[in-house]
Structure formats: structure tokens, C-alpha cells
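So the chains spell out like this:
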There are 2 protein chains.
Amino acid sequence: MTSDEDSVRGCPKEIPHNEKLLSLKYESLDYDNSENQLFLEEERRMSFLGFKCLEISRWVICGLIGFLTGLIACCIDIAVENLAGVKYYVVKQNIEKFTEVGGLSISLILWAVLNSAFVMVGAVIVAFFEPGAAGSGIPQIKCYLNGVKIPRVVRLKEGPMIHSGAVVAAGVSQGRSTSLKKDFKIFEYFRRDTEKRDFVSAGAAAGVSAAFGAPVGGVLFSLEEGASFWNQMLTWRIFFASMISTFTLNFFLSIYNNKPGDLSSPGLINFGRFESDVSSVAYNLYEIPLFIVMGAAGKSPLLFLDFSTLLLVNYGAILKCVCVCVLRYVHRPCLQVMEAMLVAAVTATVSFAMIYFSNDCQPLGPDQSEDYPLQLFCADGEYNSMATAFFNTPERSVRSLFHNPPGSYNPLTLSLFTLTYFFLACWTYGLTVSAGVFIPSLLIGAAWGRLFGILLAAITPNGSVWAVPGKYALMGAAAQLGGIVRMTLSLTVITTVYTVLIIVIHLVVPQGLYDIHIKLQSVPFLHLEAPATSHWLTAREVMGAPVTCFNRIEKVGTIVDVLSNTSTNHNGFPVVVPVAICGLILRSQLIVLLKHKVFVELARSRLTQRKLQLKDFRDAYPRFPPIQSIHVSQDERECMMDLTEFMNPTPYTVPQETSLPRVFKLFRALGLRHLVVVDSENRVVGLVTRKDLARYHLGKHGLEEMQLAQT
Amino acid sequence: MTSDEDSVRGCPKEIPHNEKLLSLKYESLDYDNSENQLFLEEERRMSFLGFKCLEISRWVICGLIGFLTGLIACCIDIAVENLAGVKYYVVKQNIEKFTEVGGLSISLILWAVLNSAFVMVGAVIVAFFEPGAAGSGIPQIKCYLNGVKIPRVVRLKEGPMIHSGAVVAAGVSQGRSTSLKKDFKIFEYFRRDTEKRDFVSAGAAAGVSAAFGAPVGGVLFSLEEGASFWNQMLTWRIFFASMISTFTLNFFLSIYNNKPGDLSSPGLINFGRFESDVSSVAYNLYEIPLFIVMGAAGKSPLLFLDFSTLLLVNYGAILKCVCVCVLRYVHRPCLQVMEAMLVAAVTATVSFAMIYFSNDCQPLGPDQSEDYPLQLFCADGEYNSMATAFFNTPERSVRSLFHNPPGSYNPLTLSLFTLTYFFLACWTYGLTVSAGVFIPSLLIGAAWGRLFGILLAAITPNGSVWAVPGKYALMGAAAQLGGIVRMTLSLTVITTVYTVLIIVIHLVVPQGLYDIHIKLQSVPFLHLEAPATSHWLTAREVMGAPVTCFNRIEKVGTIVDVLSNTSTNHNGFPVVVPVAICGLILRSQLIVLLKHKVFVELARSRLTQRKLQLKDFRDAYPRFPPIQSIHVSQDERECMMDLTEFMNPTPYTVPQETSLPRVFKLFRALGLRHLVVVDSENRVVGLVTRKDLARYHLGKHGLEEMQLAQT
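Residues numbered from 1 in each chain as written. Chains lettered and ligands numbered in written order. Predicted model: local features only at pLDDT ≥ 70, side-chain atom pairs only at ≥ 80, totals over all residues. Heavy atoms only, no water.

Moving on, we get to the sheet that holds strand β11 (residues 580-586) of chain A. All names here are of chain A. Spatially, three strands are ordered β8-β10-β11 in an open sheet, and the strand pairing comes out mixed. If you trace the sheet from one side to the other, it starts and ends with β8 (550-551) and β11, each paired once. In this structure, strand β10 (residues 572-577) lies alongside β11, joined through six bridges in antiparallel fashion. What sits directly across from Val576, in β11, is Ile581. (Pairing = 2+ DSSP bridges. Helix = DSSP H or I, 4+ residues; strand = E, 2+ residues; numbered from the N terminus.)

Before going further, it helps to examine the nonpolar core. Counting residues in each nonpolar core, the largest one holds 56 residues, and the members touching the most others are Ile585, Leu590, Leu593, Leu594, Met641 and Leu643 of chain A. Looking at this core, the element that brings in the most residues is helix α9 (residues 232-256) of chain A, giving seven residues. Leave out the neighbours within four places in its chain, and Met641 of chain A touches Arg552, Ile553, Glu554, Val556, Ile559, Leu590, Leu593, Leu594, Val598, Phe599 and Val600 of chain A. The next biggest cluster of nonpolar side chains, apart from the first, holds 48 residues, and it includes Leu537 and Val677 of chain A together with Val542 and Leu670 of chain B. (Core = buried A, V, L, I, M, F, W, Y, C linked by side-chain atoms within 4.5 Å. Buried < 20%, exposed > 50% of the residue type's maximum accessible area, 1.4 Å probe, protein only. Contact = heavy atoms within 4.5 Å.)

A separate point is the pairing of strand β17 (residues 702-705) of chain A. In this structure, strand β16 (residues 696-699) of chain A lies alongside β17 of chain A, joined through four bridges in antiparallel fashion. The residue bridging His697 of chain A from the neighbouring strand is Glu704 of chain A, located in β17 of chain A.

What follows deals with the sheet that holds strand β14 (residues 674-678) of chain A. All names here are of chain A. In spatial order, the strands read β13-β14-β15; together these three strands make up an open sheet with mixed pairing. Edge positions in the sheet fall to β13 (653-655) and β15 (684-689), since each has one partner strand and no second. When the angles between neighbouring strand axes are averaged without regard to direction, this sheet yields 35 degrees. Taken together, the five bridges between β14 and β15 define a ladder with antiparallel strand orientation. Across the sheet, residue Val678 finds its bridge partner in β15, namely Val684. Helix α29 (residues 660-670) rests against β13, β14 and β15 of the sheet, and its axis sits at about 145 degrees to β14. (Axes fitted to C-alpha atoms, helices over the stretch in contact; angles between N-to-C directions.)

Inspection of the entire model under this criterion finds 12 aromatic pairs over all chains. With a centroid separation of 5.0 Å and an interplanar angle of 45 degrees, the aromatic rings of Phe550 of chain A and Phe573 of chain A are classed as tilted. One end of the pair, Phe550 of chain A, is in strand β8; the other, Phe573 of chain A, is in strand β10, with 23 residues separating them in the sequence. Taken as a pair, Phe550 of chain A and Phe573 of chain A share a single burial class, namely buried. In this structure, Arg662 of chain A is placed above the aromatic ring of Tyr652 of chain B, and the distance from its NZ or CZ to the ring centre is 4.5 Å. (Phe/Tyr/Trp six-rings, centres within 6.5 Å; stacked < 30°, edge-to-face > 60°. Lys NZ or Arg CZ within 6 Å of the ring centre and 35° of its normal.)

Under the defined criterion, the tally for this structure stands at 30 salt bridges over all chains. Note that Lys555 of chain A is salt-bridged to Glu638 of chain A, the shortest N-O span being 3.9 Å. One end of the pair, Lys555 of chain A, is in strand β9 (residues 553-555); the other, Glu638 of chain A, is in the loop between α28 (634-637) and β12 (640-642), with 83 residues separating them in the sequence. The shortest N-O distance in the salt bridge between Asp692 of chain B and Lys691 of chain B comes to 3.8 Å. We classify Lys691 of chain B as partly exposed; its relative accessible area is 28%. Through salt bridges with shared partners, one network takes in Glu55, Arg58, Glu195 and Arg237 of chain A. (Salt bridge = Lys/Arg side-chain N within 4 Å of Asp/Glu carboxyl O.)

Negative phi characterises most residues that are not glycine, and trans characterises most peptide bonds. Note the cis peptide between Ala545 of chain A and Pro546 of chain A, where omega equals -5 degrees. Mapping Pro546 of chain A onto the fold places it in the loop between α23 (539-542) and β8. For Asn682 of chain A, which is not a glycine, the phi torsion comes out positive at approximately 70 degrees. The topology assignment puts Asn682 of chain A in the loop between β14 and β15. Phi at Lys597 of chain B is positive, roughly 50 degrees, even though this residue is not glycine. Relative to the helices and strands, Lys597 of chain B resides in the loop between α25 (587-595) and α26 (600-605).

Residue and element names in this part refer to chain B. At a minimum axis distance of 11 Å, the contact between helix α24 (residues 556-564) and α25 shows a crossing angle of 130 degrees. Judged on the interaxial angle alone, α25 and α24 are oblique. In terms of crossing hand, the pair formed by α24 and α25 is left-handed. Each of Val556, Ile559, Val560 and Leu563 in α24 lies in contact with α25, whose residues at this interface are Arg587, Leu590, Ile591 and Leu594. The class makeup of the residues in the contact of α24 with α25 is seven nonpolar, no polar and one charged. (Parallel < 35°, antiparallel > 145°, perpendicular 65-115°, else oblique. Left-handed = near helix turned anticlockwise from the far one by under 90°. Nonpolar A, V, L, I, M, F, W, Y, C, P; charged D, E, K, R; others polar.)

Shown next as C-alpha cells:
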């Protein structure tokens, strides 16, 4: 795409998002401990009791993470409940007032304004203060757990529950918050990538768990998305955090609802019990082909979404008008806020129009299951069925789609709703608001699933007996969500739907929306295995070479020059004694050494000098200062630095002939950041990093290599 | 313990089972592919389509595994149902006949004889044909997945569902059965440890899934117990096998029950729906302390069981009389069979006595929930409540403990039942029968849980309203099972009970029964992490040295001599060029090379000789002939063998200074069998194997080292 084409279409030039590119801007996390002398000394000094204490504090931290996540979920729940309540109450009153006297356009304006106002608050926060909070946060957490450093991913900010959980975890486990500039001087042992990742997993699980009231689902989510190494103790801690989170949420909600001690409401999103109306209607053999069809259908919207996302991101304005395109790609925050508000207003308008022109009246049931039944132009004792779907929080809409008795919706209402909501959801995804794709997917799926069930009952003889629409709504929701989000294993627990359907989705859907998102951002994401056909590649071909190495005792000037070289910008340096590799040292470690001026000459002259300790490294973690901020005088440049006790003396190495899948397995299983390639005499010949491995992927015609770019 | 003490106690001398010993008789499996030239050539020759086909055949195999496992489960279910039906029907008729005329001792004898007869069939098969089928098979599968080669673990034999699944998987995935001497010449690609393990995981999951009707539970079991490396594609295949297995079981059972197509009965073991009577009674906050108490109580029987197992195995006859001890330790199969029959008869007698002397009569409910209500000495329209617990299949007993309305049992009945059943279960575990500990644990737990609930309702004011005994029965079952079996994460899905309880169990119970079993067998089992305090140990200290190495071109005589040396009996040999390591070759590979006489001289003289291919290695897998069976003439001993293209040219290596946790992590994460330790010039200095790592464990006072023994 040339920039000419760009300007023709009226879109400003955009950073070239491309799935064939791999961005160099992402750094890697280091999930392999640097076992240098300092670390080993500390570990060896620590008593058995010390390890017990550490283990206990891990549990305590996980408990805290769960508690805080649950508390946040509780606050969000209460706030959303009340705000939505106020909004719908006001609008309902208004509509009722104007239905008879005419002038419903005032109601429309009121609704649109209220919607926009709520959205504005969120959009302003995101656009002006924390651009990273846009979207659902799930792709970011996925990348973090995979080992990619996403800037500011776990900084303090609002966001959906999973993200909130991860942020809480990062804060609590480090015993300090850089956003809040507060250091409690506790949990210093956990200030490294390995430990932090474990806690972030727990936080993500606690978030999922609070959102869905399903601790096991939370654990599965964390494992499915993040962990490559199944560690039973870690799993237990994650489970513990999830349980505490669900429990806390329940406990405080029960107090809020004036039923203290009643722990029956499991999570934020509660679609009601299915036992009475769906599961007990046992699935029949002849329904399985239907579910397979639905599973496949769950894929098509995905394909469409995929296609339209690609269109949107890569080729500008086809789906949307030029105006929207301009708004989307202009990075000025106020325009972003305005777009968000526009979407909110359009949503309200469309919803209103749908309700207004619908004439699907349903009798009010005796159980009064509708929260805000709108009578509008219906007869007394009836309510507008379209309003149930549109004039409601999405959670409530899903619940009514699942549970309302057959006949509550007519097919036309559902078709219109599905279509409209789908387009609105597409537009909303990618806005500057902290909005997820989860609930919208469920809602769309439930709508077309119920539609499917109704049609099925209509066209088959005796169909109404077995084609319970609620059951098909559930299936549709699962299919749609599975197709889009693809965290299907956790889903089977979350929604307790487990059928051949899920397998089918898995087989037919190449990748989920989150994966597309990750790909479009050119993140060097490592999948679980190397591409199948990559055995002919060896470490020699994929590694980066030549490698900048340091001597065990190296001149300060050399180190400063290498670190200052912005063209290479390496982060790990093998340490060599003339012939062979003897260690690996990280940029961050060198920076700390330079900052504390740990030079051989100084050590000799000031014998009483405090020895550098692990604590100094931990205090600097995770935001080490850049090399430019460290002043090294000309005299100091001539000094020497002894790296022996700071380097990792036993880095993992592979011979040059090692095949790519073998290198990949080692790298992925151990969560490495740098893997040194050596020859038969243990001389360093190259260095394999994340981007060297993430570069290869299976395309349609076999192995393809992605381009690296400085985007 | 001296042998004198032994003979005093009248016990024959037993192989010293000891948890401080590590047996040398177990070999390791090799979950790291030997990427030799042959393998790499095959992989490089294979097209993209070839890999697709392999992937598809993996799915097909998993489907087959699931199907066959489900079929077996179905047959077992129908057989057990019918046999139990016949037994209870005959005994019930008999008891009813003799209740009035007297002479109930004839009924007792009938019951005991029937019991013994059934047990005899099983015991004869196990004792005479397949000693490996004793017990539940779960510890064996755990060890296999961990990487320990248990002889004949996946040979064709009967056994509980999980074991059946694993056996089916091993057979199907290899495309042949050595027990049945049949080779279908398919799936040859999968004839190596790595691939086989994946299928065995799937089979185990399918087994669990069929037994409990919980595919997700099956997947979790496999992952929790076996996999260390979380591979998403593998997880999906495992899930697929589980689903197919549940589905098959359901489908055939629905046909058997004359309700074809009705897939509502999920698994073999079905404790009925809880929604109506337990879950809907929401858990209350003040119940959580009670559950914690129950969780702790679930531990005490375990401690007792642990204690008694230790006593039984190590110190002979304290719990049991000398007679039983003699029977247990005499390894003559006929005596084993007799012991099993004795236990069956005693069980029948004790049960009968309990029923006979009980006077707990309950009115027959209108819903007739009892399958075999025994009236005995009760009034008309009443039945003997003790009989519900004893005169029933255990599954049915559990179901009635869970679901029967309050008041169905009186506390005395339950206490007596719990105690008696507990002792019987202890005795049965460890018999020569294929019997598990799963259902008995559930039954005992349900019994004391219900007792607890009843007592609670009695002592608290207004207690009967909220202390629903069925709920406490469920909690008790979960606590007991969690305490004994400790596969608690899978359990939370299987029994759908998730409460703080489970966490408590985990924290208070040091290890489960299966782990004790594994420890007593001195199996070199690798846990997930190295002991926390082992950082001061390095590869140098734990490795085996000196190492027998081969040259790249080695004299046949040398190889034969090394392989024939029974005192060392090594299985992996580093290959060196004078200074440095250049590969690793396995005993099994050398055996195949010798068998096919792949000597340099022969290759030169017979230029047309067929080159050795991967197929030759696969055909020999997994039972390679011993070196003694291969004849090498004196002339041939002078020949040379070129190992270059058969050795693994890129074995993983570590420097000598690597800490034990680091070595452990590499070894465990990659499923290695041999890890070469090298010095800074890449010279081989040692070899780390499984037993070198499994030797260290955390005792009460820190790190302890186990003794190696040739048991």
C-alpha cells in the first residue's frame, strides 16, 4: 500500500499493521532465573524455614490478590448496577411520559445523551491517561504470560476484570506501586520476571473467576493462555486466588443485597440456572448434527469479523464511511473521545429506532421477569419484546434470551436484533474505551441461537416439544464465543456446555480474535510448538550473528559504548574467557553495575566499600534506567569491571547443528530470553532470541518467514 | 529390622520396601526425541501434506481410543449391573425365605459363597496371569506419564477404567499388540516414547471420562497427573478422546436401556443430580468453618491409613493377625487367591451381621428409591436401613447417602457402617484383585459426612432446617476422597464441589495414597520441582562419573563388551571425537545396529546392502532384544561401526557448575533420560540420569538423600 493510495482514501498514514511483519519494538521477559553468584549465595544461605516462609508469603499474596480483585469486582458490579438502573429508569419514565402525548424524539435524545455521557467518562480516561487500557486487555495479558514485554501492561488503570486482576497482582506481589510511587519494602524476593509472572497468572485467574463465578474456569483460563509449564503448586495458588476472589465478591454482594452470609450468587455475570429448563431437557443424538452446524456458523461471523478487521486496519474505509475512518486513525485524543461518544449515541438511536418500529408485543408474564418492560404502543398488560433485547444491560438480555419461555420473541425481532447488534459490536471493538468482546459475542450468539431454535421448531413436525429455544440460545452463545474468543477449554467449564460442538469449533476455526489482534500488532508471540516443517532449519541459520561478547574482566568504556550503541540495542551479552563461553550477562545488570560504579580499581582503593547485593538489582526492577542517564567520566572509562559474580555462569547452550524444533522446545519450555549457540569447542557463534523463533510460521504453502520491522 | 525379628513374627522375609530407598530396577522412558540423521532426513523429506496427514491420524487414533474405551466401559457396566443384580436378587429371595422359618445362616453362607466366587475369578486372573493388574492402576499410570518405565504397564489386561483406557491407547496408537502378536503395519511413525506417552495420556483421560461422565475432569486428571509440558494441541486431542469415550458409553447404554438416542446418563458412576436437593440449598458463610473441620477430618483417616499401610508393609503383623500376614507376603498365587476369597467372605459375613443385629427400621418411601429393600425383622411396609448401606452396590449406597431424605438413617447405623467399612476397605486395598480405592473412599466419606450432618442438626437449635444431611454427605465424600486420592483439582470438576474445603485438604495433607504407594515401591519419581534447599548442589556432585563413552567410529568388540557388562548396565552413551562430545547413542539403538550388522567393513564389501532405516528401529520398539541374544563372531568383533548417522548429534548438555534446581528444571521440562555434563572444553565429565535427581527429597530436617538399591 503506497501512501498515495492512502491519501486518496482520505485516511492519514497509519503505522503499517501487517501480519507478515514482526515488530522489533517488543522486548522479551526473562522467565529463566539468572543464577549468578549473588543469587546462589542467597539461596544457599537461606534456611529450610526461610523457604517455608517464602512459600507461605506466596500463598498470602495470592490470597490478597484474590481479595482485592473480588473487592474491585464488587465495586464495579454495584456501580454498573446503579448507573444502569438510573439510566433505564430515567429513560423509561421519559418514554412513558411521551408515549401518549407524542414527542418521543425527546426520549431518544435523552437516551443518546445519557449513553454518550457515560462513555465519555471512560473514553477520556483511556484516551488522555492510559492508552494501554483500550480493548479488553486479554491479548495483552496473553502476550505478557507468553513472555513478551508489553509496555505498561500491568500499570495501575481501570479495565475489565481479567486485566484488573493482573494489575492488582503485579502491584501486590512486588510490594510497591510505581504508579503510586510507594514502596512498602516487602516481598522484595519476588521482584523478578519469573515470580511476577506467576502472580500475574493468579491475578488473571482471579479476574475471570470474579467475572464468571467459576474458579475452575479461571484457573483453566490462566493455564490455557499463559502457562507452558504445568506446575502443580502454582496451579494450586492460582486456584486459591480464584476462590478467594469469588468468595470476596459473593460476601460483599450478599451484604450489599442485605442477605449477609448468603453465598449463592456466584459471579458478576450470572445467566441464571439452567438445570430447570435446559440441561434437564436431555440432549438427543439427532441434535448433534445441528450443534455442529451451529458450531460452523459461529465461525462465519468470525471470518466476517476477521475480514472486516483486516479491511479496517489495513485497507482503510470500505466497511465504514470515510468519516469514521478519519476518526479512527486520527490519534488525537479528543477525536477519539468524540468517536466513542458518537458510537454511544448511534447505538442509542438505532436501539430506539428498532424498538419504535417494532410491533412485537408480548403479554407481561405473572413472574415479571423483565426488569424494564416498556409498554410503548402495546396494549395494556403487554410489553414491547424488542425492548427486552435492546433496552437492557447486555447481561440481562442474554439471561432473558436463555430463559424466557418459548414464544417470548418473534423471529423478525431476533433477526433484526442480531444484525444490528453485530454491526454495532464490530464498531465498538477497537474503540478507545475499555470494552471487551465477551458479552457482545454471547449476546449475538444467544440471539441467533434462539432464532435458530424457533425456526427449527417451526419447520419440523412436533418440533416445539424438543426444540426448546433457550437451549439453542445457549448453544449459539457458546458457538459464537468459541468462534471469536477461542478460549474454549475454559469456556466448557464457564458455561458448562460440553459437546462435540466445541471440538468442531476448534477444528474449523483457524484462530481467535485475540490471536488476530496479536498478529496484527506484530507481536513476537511464541506458539506452543515450532512449525511442523521446520526440521531442515538449524540453530546456525536462525541465530543472530556475530554476537557482542564481553570478557570476564572488561573495560568500562567498552561496556558503555556497546550499551550506548542504539543501532544494535542488545539486551544479553555472552561472557567469554578467551576460548569458551563462561556466562551470560544482561543489559539491566550492567546498568546497575555501572550505576553503582562497581569497578575493580575502586574496590581496591576503598576496601570497605559496600558489596553490591541482590537487593540493588531488585530495587531497580523492573524499570532500569537507560544508559544515557548514567554518567561515566573519562577516567572511569579506563577502569575495569569484574563481571564474574554477576553473570549467569551456566546459561543454556545448544550446538549449531540443533534443529529449529529442538531449539524452540528448549526456549519455550524454559521461558528463555537468550539462548547461546556454541561450536564444538564451546566458542560463542550466535545468539537465538525470541524474534528469531517467532519469525517462522506455517502459511498456506508451508513455512514462511516474517519480516522484521522497527514498528 | 533384622531377619530374626522377621522369623519371630512368623512373616516370611519380604523385599525391603522402604521409603528411604530408591530402586534401581526401574528404567526411564525417553521423552526427548533422538534427532539423529535418519530422523532428520525423514522429517525433511516429509511434505507439508505429510505433516497434515500425521496430525489427522493423531486425531483419528484419539477418536479410536475414546471409542474403544467407551465400549469397554459399556461392557463392564452392563456386566456389573447384571451380575450384581443376580447376586442381590438371589440373596434377597433367600433371606426373605428364611426370615420367617429361621435358618438365616444358610443365607449368610450363600452370600459369602457368591461373593467369594466373583472375587475368585478376578483374583485368579490377576495372580496367575497378570500381577501388574493388582490395585487401581492409577499409580502405575502416574509413573508411566512421569517417565518411569513400569514393566508391562500397558500390556493387555483387565483393570479399572483409567487403566483400561491407557492400555487401549498403547495398543491402538502403536498399530499392533505384542500380547496378541499382531502387527497391522500402521501408525509406525508413532512408535517412540514421546508419541506413545501422548496417546496414553489421552487413554487415561478417556477412562476417567467414561467412569465419571466428565470429559473435562478426565482432561484435568491427565494433565494433573502426567503432563509437565502443557501443549494445547495435545490437550485438545485428549479432550476429544474423552468426549468420544463419554459419548460412546452413553450411546450404547442408551441402546441397552431401550432409549436409543437419549444421551442423558453421563457416566458409569452417577450419583444423581444434586441441583434439586443440595446445591439449591445455598451454602452459607457460617458453614465454611464446618467444611474446614470436615476437610481436616478427611485427613485423619488418611493418616491412619498411611500409618497402617506402613505398618503392614514394613513391620508385619500388628494390625492384622499373623495368618493374614502370612497370606499377604507369601507370593504363591493360590494363597493370594485364597486371601482375596477370604476377604470377600468376611465382608459378606460382617455385612450380614451388621444387618442382622441392626434394628433400624425405616418406612418404605412411596418413590421406592431402594433397589433391594430388605424387610428382615422390620414391620410390614418398613425396611432395614443398615441393609441399604451394606446390601447394595457401593455406587447405589453412595447415591442413597447423598439423596435420601433426612431421617433415612439413624446415627448408630452410620457410625457402625463407617467403622466396619473402613477396616474392610483397608484390607481390600493391596489385595491381588483389580480394585480401586475410589468408590470405597467416597462411600466412607459420604457415610461419616451424613452422620456429621445428622449430629449437627440434632445439637443446634433449628438445625434441621439448614443442616441437610445429603449436603454433608457430599462434603464428607469430597473430603475423604481428597484426603486419600489427592487428585483434587480434577475432583472439583468431577464432583462439582468447589469450596475452600479443597484448599484446606491440600494444605493439610502432605501426600495422597497414590504417592505413598509410589514411594513404597521406591520408584524414581520426579516431582515438579527440585527440593527448595538444593541450590548448593551442582551437577558435578549429583552426576554419575566416570562415563563410558564411544568414539564415532568404534570397534564392535568394545561395544559388545560394554553392553554385556551387567555390573554397569548403562542405557545411554555419549559419543566423542577425541576432545569433545559430539553425540549420544542409546543401548537400544546399538542393539539394533548390532543385530543388523551395520559394520563399516560389510558396508564397503556389499555396496548394495540395504541402508538401515528408521523403520528397523521402530519395528524393534519397545522391546529390544537383550545383548545376549545377539551373536557376534570373533571376526566381527574386529569390525568397526560408524555411529555418526544413528546418534543424537545435539544432546542437551550442562556445565558442571549448574545448580541442581537448574538441572532438574531442564531434565523435567524436556522429559530427558540422559543429560550430559561437560567441562568448559565440551569434554564429557558425567551423566545425569533420573535416579540422580529423584534421590534428593525434602525430609523433616531439610534435604535428605535416598539410598539406591537393587530391589
